[in-house]
Amino acid sequence: MGRQHASDITSLSPADRLAKELQSLKSASGLTYARISERTHYAKSSWERWVNGKQFPPRDAVESIASVCEGDAEQLLALWHLASTCRVTVGAPGALPDGPSDHRPPECPHHRQAVILRRLVLLGLGLAAGAGLAAAGRRPLRHSV
């Protein structure tokens with residue numbers, strides 16, 4: 001496996017960059033998923049999903065792996081925050097693409113603002129549609145003579 005260029009890493013999404021950073025940190029530490037699991041309160045299978053980018057990790061897990069593997073927690077958390085913010089999608093309020101809501105990361109202010117904005121837009125569209133239908137129903141009828 002060859003060394004990656006900086007341009008390769010920056011072209012990735014923030015979530016993919018986070019996964020790459022977690023992979024690098026784990027590799028550099030020499031620890032197995034089992035060892036990381038023993039030193040944190042997360043399961044080995046969860047670490048495998050998070051480090052390989054199959055699922056987005058909770059903030060607490062990123063802090064834990066930084067501590068256990070002696071990584072730069074500040075840098076990882078900044079990347080986690082960016083990735084978390086970018087994961088906000090236009091869908092059902094509170095729904096995230098990787099599964100049920102009990103697996104989603106803690107809400108950040110940007111996520112909450114996006115949910116509120118999404119609800120306001122939907123409300124506005126509903127009101128506009130209702131007003132249009134009401135206006136269409138109030139048009140004067142043409143009487144045939």
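A brief report on the enclosed structure follows. In this text the structure is predicted, and so the values were computed from the model without any measurement.

Helix and strand counts for the protein chain stand at 7 helices and 0 strands. When the helices and strands of the protein chain are placed in sequence order, the string is α-α-α-α-α-α-α. When burial is assessed residue by residue, the protein chain has 28% of its 145 residues classed as buried. If you take every contact in the protein chain between residues at least 6 apart in sequence, the share linking residues at least 24 apart comes to 52%. Entry remark: accessible area of the protein chain is about 9,800 Å², with carbon and sulfur atoms responsible for 56%.

Counted according to the given criterion, the structure contains 4 aromatic pairs. Consider the rings of Y42 and W47, whose centres lie 5.7 Å apart with planes at 85 degrees: the pair is edge-to-face. Comparing Y42 with W47, the two get one shared label, buried. Between Y42 and W50, the aromatic rings sit 5.0 Å apart at their centres with planes inclined by 80 degrees, giving edge-to-face as the arrangement. Residues Y42 and W50 agree in their burial class; the two are buried. Of the aromatic side chains, those joined through ring pairs into one cluster are Y42, W47 and W50. Geometry around Y33 places K26 over its ring, the cationic atom sitting 4.5 Å from the centre.

Time to look at the side chain of K26. Structurally, K26 is set in helix α2 (residues 14–29). Although K26 is buried, it forms no salt bridge, and the closest oppositely charged side chain is E48 at an N-O distance of 9.7 Å. Apart from the residues lying within four places of it in its own chain, the contact partners of K26 are L31, T32, Y33, I36, V51 and C69.

In this section: the pattern of salt bridges. Across all of its chains, the model carries 3 salt bridges by this definition. For R59, the salt bridge is made with E63, and the minimal N-O distance between the two is 3.1 Å. Taken together, the positions of R59 and E63, both in helix α5 (residues 59–68) and 4 residues apart, correspond to about one turn of that helix.

The subject of this paragraph is unusual backbone geometry. Residues other than glycine seldom take positive phi values, yet E70 does so here, at roughly 55 degrees. Structurally, E70 is set in the loop between α5 and α6 (73–86).

A few words now on the nonpolar core. One broad rule of soluble globular proteins: the nonpolar side chains tend to lie buried together. Counting residues in hydrophobic clusters, the biggest one holds 21 residues, and the most contacted among them are L18, L22, I36, W47, I65, C69 and L76. Broken down by secondary-structure element, the contributors of at least two residues to this core are α2, α4 (44–51), α5 and α6. If we skip the residues at most four places from it in the chain, C69 touches L25, K26, S29, L31 and I36.

On the surface, a nonpolar cluster with roughly 400 Å² of combined accessible area is contributed by I116, L120, L123 and L127. Residue position: L120 is located in helix α7 (residues 109–137). For L120, a relative accessible area of 52% translates into the label exposed.

At a closest axis distance of 9 Å, the pairing of α5 and α6 adopts a crossing angle of 155 degrees. The angle between the axes of α5 and α6 places the two elements in the roughly antiparallel class. At the point where α5 passes α6, the crossing takes the right-handed sense. Contacts from R59, V62, E63 and A66 of α5 reach α6 at A73, L76, L77 and W80. Grouping the amino acids of the contact of α5 with α6 by side-chain chemistry returns 6 nonpolar, no polar and 2 charged.

Reading guide: rules and limits
Here the residue numbering is sequential within each chain, running from 1 through the sequence in written order. Restriction of local features to residues with pLDDT of at least 70 applies here, the model being predicted, together with a cutoff of 80 or more for giving and counting side-chain atom pairs; totals for whole chains, interfaces and linings are based on all residues. Each side-chain value is worked out from all heavy atoms of the structure, with water and hydrogens disregarded. Where helices and strands are cited, they refer to DSSP runs of H or I of at least four residues and of E of at least two residues respectively, numbered from the N terminus. Burial classification: accessible surface area is computed with a 1.4 Å probe over protein chains only, and a residue below 20% of its type maximum counts as buried, one above 50% as exposed, and the rest as partly exposed. Contacts: residue pairs with any heavy atoms within 4.5 Å of one another. Values of accessible area rely on a 1.4 Å probe in the Shrake-Rupley scheme; residue burial ignores everything except the protein chains shown. Aromatic contacts are taken between Phe, Tyr and Trp rings whose centres are within 6.5 Å, Trp giving its six-membered ring; a plane angle under 30 degrees counts as stacked, one over 60 as edge-to-face, and the others as tilted. Each ring is checked for a lysine NZ or an arginine CZ that lies within 6 Å of its centre and within 35 degrees of its normal; such an atom marks a charge sitting over the ring. None of His or the chain ends enter the tally, which takes Lys and Arg as positive and Asp and Glu as negative. A carboxyl oxygen of Asp or Glu within 4 Å of a side-chain nitrogen of Lys or Arg is what we treat as a salt bridge. What we call a nonpolar core is a set of buried Ala, Val, Leu, Ile, Met, Phe, Trp, Tyr and Cys residues that are connected through their side-chain atoms within 4.5 Å. Only residues above 30% relative accessible area that lack a salt bridge enter a patch, with like-charged residues linked at up to 9 Å and the nonpolar side chains Val, Leu, Ile, Met, Phe, Trp and Tyr linked at up to 5 Å. With axes taken as lines fitted to C-alpha atoms, and helix axes fitted only over the stretch in contact, angles between N-to-C directions fall between 0 and 180 degrees. By the definition adopted for this analysis, an angle is roughly parallel if under 35 degrees, roughly antiparallel if over 145, roughly perpendicular if from 65 to 115, and oblique otherwise. Handedness of each helix crossing follows the sense of rotation of the near helix against the far helix: counterclockwise by less than a right angle gives left-handed, clockwise gives right-handed. In this count, Pro and Cys sit with the nonpolar residues alongside Ala, Val, Leu, Ile, Met, Phe, Trp and Tyr, while Asp, Glu, Lys and Arg are called charged and the others, Gly among them, polar.

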